[in-house]
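Observations on chain architecture
Each chain is listed here by its residues.
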Amino acid sequence: LMLAGLLLLYIFLYRTVPDYYFSTAWKEVKNKFSGLTEEMDGGSFEEACRLIDLFESEGSMDAALADTSGLVVYSVLSFSQENLIPQNPNWRLVKGQALTAQELLSTDFSGYDDLPELVRYVRAVSLEGSEYLLVCTWSARNIHKVTQLLNEMFPVTLVLIVVGALLGALLYGKVFTAPVI
């Protein structure tokens, strides 16, 4: 019974932890993206650049301003700085980069099960009478790592579950058979 109970507990955690982590992380990310859009819309270009610089400090999120054709006109990274980075992850937006039509669409997903590693959030903003696209990206690799970590921990957890069940059975057997003996 202990073995079955502990295995059911692990399966429950395996199914719920990634979903819970995703839902809380996505809610926070979505609020930050929406807040940045609202704060930036209708302001000046310089203020928008300052807000993007502050937004960049988060680490797993990236933001840039692109013109309506998809050319990134402001980003924390520029082409000259990109060359200094040994391996630029795909989710980083770089000034001077031309985004494709697909990259200018917000990522569509319904939940954790079809969550891609990169989520794009694209909104139109008006700055000093000109239209720009605020392109935000979120690297969801950490959420996928939770599932990977649970998979990697399963053999060790299984051994601990079996040992725990055997020790529990031994203790249970000694305690309840002592009055009979």
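Use the structure listed above.
Residues numbered from 1 in each chain as written. Predicted model: local features only at pLDDT ≥ 70, side-chain atom pairs only at ≥ 80, totals over all residues. Heavy atoms only, no water.

Let us now look at the sheet that holds strand 1 (residues 61-66). By definition, the strands of a sheet pair up through backbone hydrogen bonds, in either a parallel or an antiparallel sense. As summarised here, the arrangement of the four strands in space is 2-1-6-5, forming an open sheet in which the pairing is antiparallel. Unpaired on one side and paired on the other, strand 2 (72-75) and strand 5 (118-127) mark the two borders of the sheet. The average undirected angle you get between the axes of adjacent strands in this sheet is 25°. Pairing between strand 1 and strand 6 (residues 130-139): six bridges, direction antiparallel. In the sheet register, Ala64 faces strand 6, and the bridge partner there is Val135. Across the sheet, helix 2 (residues 45-55) is in contact with strand 1, strand 2, strand 5 and strand 6; its angle to strand 1 comes to roughly 165°. (Pairing = 2+ DSSP bridges. Helix = DSSP H or I, 4+ residues; strand = E, 2+ residues; numbered from the N terminus. Axes fitted to C-alpha atoms, helices over the stretch in contact; angles between N-to-C directions. Contact = heavy atoms within 4.5 Å.)

This part is about the environment of Val163. Position of Val163 relative to the elements: it lies in helix 4 (residues 141-177). Overall, Val163 belongs to the partly exposed group, its relative accessible area being 41%. Taking the C-alpha atoms as reference points, Val163 and Pro18, separated by 145 residues in sequence, lie 26 Å from one another. (Buried < 20%, exposed > 50% of the residue type's maximum accessible area, 1.4 Å probe, protein only.)

What follows deals with unusual backbone geometry. Here Glu128, not a glycine, exhibits a phi torsion of approximately 55°, which is positive. For Glu128, the position within the fold is in the loop between strand 5 and strand 6. Among the residues examined, Glu128 registers a relative accessible area of 53% and is labelled exposed.

Right, let's get into the packing of helix 1 (residues 2-40) against helix 2. Orientation of helix 1 relative to helix 2, taken along the N-to-C sense of each, is 160°, at an axis distance of 10 Å. With respect to helix 2, the axis of helix 1 lies roughly antiparallel. Crossing hand, helix 1 versus helix 2: right-handed. Contact with helix 1, carried on its side by Lys32, Phe33, Leu36, Glu39 and Met40, involves Ala48, Leu51, Ile52 and Phe55 of helix 2 and no other residues of that element. (Parallel < 35°, antiparallel > 145°, perpendicular 65-115°, else oblique. Left-handed = near helix turned anticlockwise from the far one by under 90°.)

Scanning the entire structure with this criterion turns up three salt bridges. The partner of Arg50 in a salt bridge is Glu47, with the nearest N and O atoms 2.6 Å apart. Of this pair, Arg50 and Glu47 both sit in helix 2, separated by three residues, roughly a single helical turn. With a relative accessible area of 31%, Glu47 lands in the partly exposed category. (Salt bridge = Lys/Arg side-chain N within 4 Å of Asp/Glu carboxyl O.)

Following both chains from N to C, one finds helix 1 and helix 4 inclined at 160°, their axes separated by 9 Å at the closest point. Considering their axes alone, helix 1 and helix 4 lie roughly antiparallel with respect to each other. Crossing hand, helix 1 versus helix 4: right-handed.

Turning our attention to the environment of His144. Structurally, His144 is set in helix 4. Among the residues examined, His144 registers a relative accessible area of 24% and is labelled partly exposed. C-alpha of His144 to C-alpha of Glu117: the two residues are 27 residues apart in sequence and 7.6 Å apart in space. Those residues in contact with His144 that sit more than four places away from it in its chain are Tyr112, Leu115, Pro116 and Glu117.

Moving on, we get to the environment of Ala66. Mapped onto the fold, Ala66 is located in strand 1. Spatially, the C-alpha atoms of Ala66 and Tyr112 are 29 Å apart, while their sequence positions differ by 46 residues. Residue contacts for Ala66: discarding those within four places in its chain leaves Leu71, Val72, Val73, Tyr132, Leu133 and Val135.

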